[in-house]
Amino acid sequence: MAKKTFKHIQSTAVPIHAENIDTDQIIPARFLKATTRSGFGENLFRDWRFDASNKPIADFVLNNPLYGGQILVGGKNFGCGSSREHAAWAISDYGFEVVVSSFFADIFKGNALNNGLLPIQVSEDFLQTIFAEIEKDPQTKIEVDLVQQKIILLRLGKSESFEIDSYKKTCLLNGYDDIDFILSHREKIEAYEQRANHDYVLPS
C-alpha cells in the first residue's frame, strides 16, 4: 500500500545539538520486540527523555514545550551504530517527517528513505546556523521543498540545496514503496512484454 506523499513543508524544528547520535539512543534495544511499525514513537530517545523512575527529564528538548514541529535537527553522524530499521520507525511514529544533519550513517539514511522519512544532509556551517536560529527563537520556521531539493531558513532567507537519489525522490513524491513503484509502470511493462512476445521467433 502506498505511503503518504511528501512534497513540501514549513515547520518549526526540534534541535538535538549532539554528534554521533546512534540508533540505540534513538530507540533502545529493549523496545525492539514489536514487529509492526507503530508504537515506537513513545519510546523515541527513551533514555534521554525519562529517568530510571520513568519521570520526564525536564531539560531534554522533547520534554520542553517550547520546541515542536515535523523537523528533527541533529548533529553530525546521525543514525550511526546498528542497522536497526526501528530507528527510522520511531522518528516517523513520533511525528517527524524530516531529519536534518551534516552527515548521516548510510544504513540509517537508507532506512529513513525506505520508510518515508526524508534525511537532509547540509553543510556543517548551515547546520550550525539552523541550531543558532532555533536557539534564538524556538518558533523559527524551516521550509523544505523536495521538488526543488532546497531547505530554507525563512527568517534569514538563507537556503541550501540537498542531494537525494532520484528513485527515492520519486517514491517520496508519489508515496510509493518499491512495489508501488513497479506497479506504476505496469502499462509500460505489459507493452514491453507484448512487443517481446511478438518479436520472439521459435527456432526452426
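It should be noted that the structure appears before, not after, this text.
Residues numbered from 1 in each chain as written. Predicted model: local features only at pLDDT ≥ 70, side-chain atom pairs only at ≥ 80, totals over all residues. Heavy atoms only, no water.

A.B. asks: I'd like to hear about the nonpolar core, residue by residue, with values.
C.D. replies: Core analysis: the biggest nonpolar cluster contains 26 residues, and Ile26, Leu44, Phe45, Leu72, Phe78, Ile91 and Phe108 have the highest contact counts within it. Where this core is concerned, the elements lending two or more residues are β2 (13–16), α3 (86–94) and α4 (106–114). Ranked by the residues each element gives to this core, the list is headed by α3, at 5 residues. In contact with isoleucine 26, other than residues within four places in its own chain, are Ile21, Asn43, Leu44, Phe45, Phe78, Gly79, Ala87, Ile91 and Phe108. Judged by nonpolar contacts, the second largest core, of 25 residues, contains Phe131, Ile142, Phe162 and Ile164. (Core = buried A, V, L, I, M, F, W, Y, C linked by side-chain atoms within 4.5 Å. Buried < 20%, exposed > 50% of the residue type's maximum accessible area, 1.4 Å probe, protein only. Helix = DSSP H or I, 4+ residues; strand = E, 2+ residues; numbered from the N terminus. Contact = heavy atoms within 4.5 Å.)

A.B. asks: A description of the packing of aromatic side chains should follow, citing residues and the corresponding values.
C.D. replies: A full pass over the atoms with the stated rule returns 8 aromatic pairs. Ring centres 5.4 Å apart and planes at 15° place the aromatic pair phenylalanine 45 and tryptophan 48 in the stacked group. We classify phenylalanine 45 as buried; its relative accessible area is 0%. Given the relative accessible area of 25%, tryptophan 48 is considered partly exposed. For the pair phenylalanine 78 and phenylalanine 104, a centre-to-centre distance of 6.1 Å together with 75° between the ring planes defines the contact as edge-to-face. Placement of phenylalanine 78 in the loop between β3 (71–74) and α3 and of phenylalanine 104 in the loop between β4 (98–101) and α4 is noted, with a sequence separation of 26 residues between them. Its relative accessible area of 1% is what places phenylalanine 104 among the buried residues. Above the ring of phenylalanine 50, the side-chain terminus of arginine 46 is found at 4.3 Å from the ring centroid. (Phe/Tyr/Trp six-rings, centres within 6.5 Å; stacked < 30°, edge-to-face > 60°. Lys NZ or Arg CZ within 6 Å of the ring centre and 35° of its normal.)

A.B. asks: Which residues make up the packing of α3 against α4, and what values do they have?
C.D. replies: With their axes 8 Å apart at the nearest point, α3 and α4 run at an angle of 50° to one another. The orientation of α3 relative to α4 falls into the category oblique. In the packing of α3 onto α4, the handedness of the crossing is right-handed. Here Ala87, Ala88 and Ile91 of α3 come into contact with α4, specifically with Phe108, Asn111 and Ala112. (Axes fitted to C-alpha atoms, helices over the stretch in contact; angles between N-to-C directions. Parallel < 35°, antiparallel > 145°, perpendicular 65-115°, else oblique. Left-handed = near helix turned anticlockwise from the far one by under 90°.)

A.B. asks: Describe the pattern of salt bridges, with residues and values.
C.D. replies: All told, the structure shown has 4 salt bridges when counted by the stated rule. Ionic pairing is found between aspartate 47 and arginine 30, a salt bridge with its closest N-O pair at 2.6 Å. Note that aspartate 47 is positioned in helix α2 (residues 46–49) and arginine 30 in the loop between α1 (23–26) and α2, a separation of 17 residues in sequence. Overall, the relative accessible area of 41% leaves aspartate 47 in the partly exposed class. Since its relative accessible area comes to 48%, arginine 30 is described here as partly exposed. The salt bridge partner of glutamate 133 is arginine 155, with a shortest N-O separation of 2.7 Å. On the criterion of sequence distance, the pair formed by glutamate 133 in helix α5 (residues 124–136) and arginine 155 in the loop between β7 (150–153) and β8 (158–161) is long-range, its members being 22 residues apart. When its relative accessible area of 4% is taken as the criterion, glutamate 133 is described as buried. Assessed through its relative accessible area of 59%, arginine 155 is described here as exposed. Members of the salt-bridge network, linked through shared partners, are Glu133, Lys136 and Arg155. (Salt bridge = Lys/Arg side-chain N within 4 Å of Asp/Glu carboxyl O.)

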